[in-house]
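What follows is the residue order along each chain.
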Amino acid sequence: MRKALKFVCALLSLLIALLVVSCIRTFLLTVSRSAAPTPCHRNESQGYITSEDAWPRFKKALQFRTVSNAPHVYNRKDLQEFVTFLLQSYPQVFQSPHVRRDIINEYSLLISVSGKNRSLTPYLLAAHLDVVPVVQEEWTHDGFGAEEEDDGSMVYARGAIDDKSNVIAQLEALSFLISKGIQPQRGFFLAFGHDEEVGGHDGAARIAEELWKRGIHDLDFVLDEGLTVLKDLFQGLPNNIAGIGVTEKGSLHLNLSVHSEGGHSSMPPKQTSIGILSAALAKLEANQHDIIFDEMTHNFVESISLDMPFPLNVVTSNLWLFKPLVARALAKGVSESMVRTTTAVTMFQGGLKPNVIPPTAWAVINHRIHPKQTIAEIIDRNRAVVNDKRVTITPLPGSYNAHPVSPHHPKKDRPYRLIRDTLLQIYPNVVTAPLPLVANTDTKHYLSFSKHVFRHNPIVLDVKTELHRIHGRDERLSKANLESAINFYYHLMMNADSDEHPDKSHSHSSEL
Ligand SMILES: N[C@@H](Cc1ccccc1)C(=O)O
Ligand SMILES: CCCCCC(=O)O
Ligand SMILES: [Zn+2]
Ligand SMILES: [Zn+2]
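From a predicted model like this one, the values you see are computed outputs, not experimental measurements. (Residues numbered from 1 in each chain as written. Chains lettered and ligands numbered in written order. Predicted model: local features only at pLDDT ≥ 70, side-chain atom pairs only at ≥ 80, totals over all residues. Heavy atoms only, no water.)

**Q** Go over the site of ligand 2 with me, naming the residues and quoting the values.
**A** Taken together, His128, Asp162, Glu196, Glu197, Glu225, Gly226, Ala439, Asn440, Ile470 and His471 make up all the residues around ligand 2. Within the side chain of His128, one N or O atom sits 3.4 Å away from an oxygen atom of ligand 2. Between ligand 2 and His471, the relevant distance is 3.0 Å, taken from an oxygen atom to a side-chain nitrogen or oxygen of the residue. Protein coverage of the free-state accessible area of ligand 2, which is 280 Å², stands at 90%. Residue classes in the shell around ligand 2 are distributed as 2 nonpolar, 4 polar and 4 charged. (Near = heavy atom within 4 Å. Polar contact = N/O pair within 3.5 Å; in protein donor to acceptor, adjacent residues only side chain to side chain. Areas by Shrake-Rupley, 256 points an atom, 1.4 Å probe, with all protein chains shown as cover. Nonpolar A, V, L, I, M, F, W, Y, C, P; charged D, E, K, R; others polar.)

Shown next, in the form of C-alpha cells:
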C-alpha cells in the first residue's frame, strides 16, 4: 500500500513539474514572439473597389443553371448563355489590346492578359463556371433565384461560394485594372473551366492542353478556389484563420456491390444483398481511418497556439507533451478532415419491388485521402474492415492521390509570400496557415506547369453557419465578401508585378 502511495505521489509530482515547465515555456514563447510585421507592400496606394457595380452582375451570373451531373453531363445551354453573358458584361476587358479570350472546348473560357515585361513568367488564376445540383425541397430560397436578404447584404444561390464569386471577382478586378489604364508587368491567365465539379476533364484539362500547345510550359504560380478565411474554427481563437491550400487530399470513389440469389420475399434468406451491403458500410463508418498528425498539422497548431486563451495556449504550444490530446481534439468536427482520410457513403441503390428479394445492391463511398496515405492503402484497409467475400470493392475511374506540397515558407518562397501578404492586406488580423485542402479542385490539371500551386477562396466563412452550405442547401454570399474577393484579386494582380526581384534595399527588422 505504502509503495502504491509513493508511486502515485511520484507520478503526481512529475505531472505537476511537466505542467509548470509547459506554462513557463508558453510564457517565454509569448513574450519573445516578434510582433507580426506589417506586411510589406510596394503598392500601398492601390485603391479600393466597391461591389456596387459588381453586385447586379454577380446576381445575374448566379441565375444561370450551369449544373454538372456527371463527367460530360452538364447543362450546355446555360453554360453557353453564361459565357455569352460574361463576354457582354465586361466589354472594356475583352476590347483591351492586352487581353485575348478563347472559348475552349465550347464552354470554358481562357482569358490571357499580356504583361509589359515578357521576361516575367505569367501566373494563372483558376475558377469554374459550373455548379453542383440543387435539391430544391431542401432550400428555403430558389436555388437559382439569386434572392437577397431584405437589407441587400446577402444573396442566396448555388454557386454563390463555389465558385461563381471567384469568376466574377477575378473579372471585376481585371476590369478595374484596365479601367485605370494599367497594363501589368507580369502577364497572367484567368482560366474558367466548365466541368470542375465532375473532374474538369472537358474544361480545365483542355485549357491546360491549349496552354501547352501555345508553348506555355511554366507558370509562376497557380491559384484556384480552396480553403477560405474561417471564423471560429476553434472556440476562443480571437483571430480568423486563413488557410492557404499548399496541397490537396487525394480523392477515391469506391463502388461496393453485393450480388445474391433473388426470389420471392415470402421465403427470404437470413440476409439479402441490401442487408449484407448495409452491414459492410456500417463497419466502415464505425472504423474510421487512422488519425494522422503530420508536420504540416504540427506547424498549423503551433502557428495559432499563442493566440489561444489559457489553458489552450499552453496545451497547443507544448505538443511535445500534449500532441496525443490535441490530435484527438482535432479529430472532431470540421478539423477532422484535416487529420484523417475521410469516409463518406454518398450513394446507395438496391431493390426492385417490395415483394422481390433484391439480387443486387451497390453503394459508392467517397474517400478524401490524407496526403500521407495512398489509394492502395485505403482499399486494402477497407477490405480488411469489411472482411466479407460477398462484398465486391472496386475503385471507380477518376481517383487520384494527394498533390505534391507547394513550397510555403512565408519569407523565402515568393509565390506563397505573395498570396499570404495579399491576404493580410485584405484581412490584416487573420492568422495565415499552410494547410492541405480537404476537397479537390481543377489544380490537378495544372500541376505540370508549376510547383507553386495554391487553393484559397478569399472570403470569410463562419464555420458553424456557412460551411455546410457548400454543396448543401441555401448557399449564399455577402456583399462584403464579394467586395473583399474583388480587392484581393486586384491587389494580387498589382503585387504580383513587384515581387520578381525582391528589393534588397527594402527591409524590416522584424520581418520573418
Ligand atoms: N470540387 C469538387 C471536385 C471533385 C469532383 C468530383 C470528384 C471529386 C472531387 C469536390 O471537391 O468535390
Ligand atoms: C470551397 C471548396 C470547394 C472545393 C472544390 C469544389 O467542390 O468545387
Ligand atoms: Zn464544389
Ligand atoms: Zn468549386
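**Q** Give a description of the coordination of the zinc ion (ligand 4) that names residues and reports values.
**A** Within the protein, the zinc ion (ligand 4) binds to His128 (NE2), Asp162 (OD), Glu225 (OE) and Glu225 (OE); these donor distances fall in the range 1.9 to 2.5 Å. Donor residues for the zinc ion (ligand 4) sit on one chain with the sequence pattern H-x33-D-x62-E. Distance-wise, the zinc ion (ligand 3) is placed 3.4 Å from the zinc ion (ligand 4), both being coordinated by Asp162. Taken together, the residues Asp162 in the loop between strand S7 (154-156) and helix H5 (164-179) and Glu225 in strand S9 (residues 222-231) connect sequence positions 63 residues apart. Judged on exposure class, the residue Asp162 and its partner Glu225 are both buried. (Donors = N, O, S within 2.8 Å, 3.2 Å for Na, K, Ca; no water. Helix = DSSP H or I, 4+ residues; strand = E, 2+ residues; numbered from the N terminus. Buried < 20%, exposed > 50% of the residue type's maximum accessible area, 1.4 Å probe, protein only.)

**Q** Break down empty space enclosed by the protein for me, citing the residues and quoting the values.
**A** Enumeration over the complete set of coordinates arrives at 1 cavity of 30 Å³ or more. Approximately 30 Å³ is the volume attributed to the largest cavity. Forming the walls of the largest cavity are Ser96, His98, Val99, Val113, Leu174, Leu177, Ile178, Ile182, Gln183 and Pro184. Looking at the lining of the largest cavity element by element, the count peaks at 3 residues for H5. (1 Å grid on protein atoms, 1.4 Å probe; cavity = no way out; pocket = protein on both sides within 12 Å on 5 of 7 lines; lining within 4 Å. Points joined across faces, edges and corners; volume = space filled by probe spheres on them.)

**Q** So, the coordination of the zinc ion (ligand 3): which residues are in play, and what are the values?
**A** Protein coordination at the zinc ion (ligand 3): the donors are Asp162 (OD), Glu197 (OE), Glu197 (OE) and His471 (NE2), at 1.9 to 2.7 Å from the metal. With 6 donor atoms in place around the zinc ion (ligand 3) and angles of 53 to 152 degrees between them, the coordination shape is irregular. Mapping the donors of the zinc ion (ligand 3) onto the primary sequence yields the spacing D-x34-E-x273-H. (Tetrahedral: all angles 85-135°; square planar, octahedral: opposite > 155°, others 65-115°.)

**Q** Please set out the pairing of strand S8 (residues 188-193) residue by residue, giving values where relevant.
**A** Burial of S8 is extensive: 6 of the 6 residues sit out of reach of the surface. Neither face of S8 is left uncovered, since the one carrying Phe188, Leu190 and Phe192 and the one carrying Phe189, Ala191 and Gly193 both have all their residues buried. Where strand S4 (residues 108-113) lies against S8, 5 bridges are found, and the strand directions are antiparallel. Bridge pairing links Leu110 to Ala191 in S8. Across 6 bridges, the pairing between strand S5 (residues 123-128) and S8 is parallel. When the bridges of S8 are listed, Ala127 appears paired with Phe192. (Pairing = 2+ DSSP bridges.)

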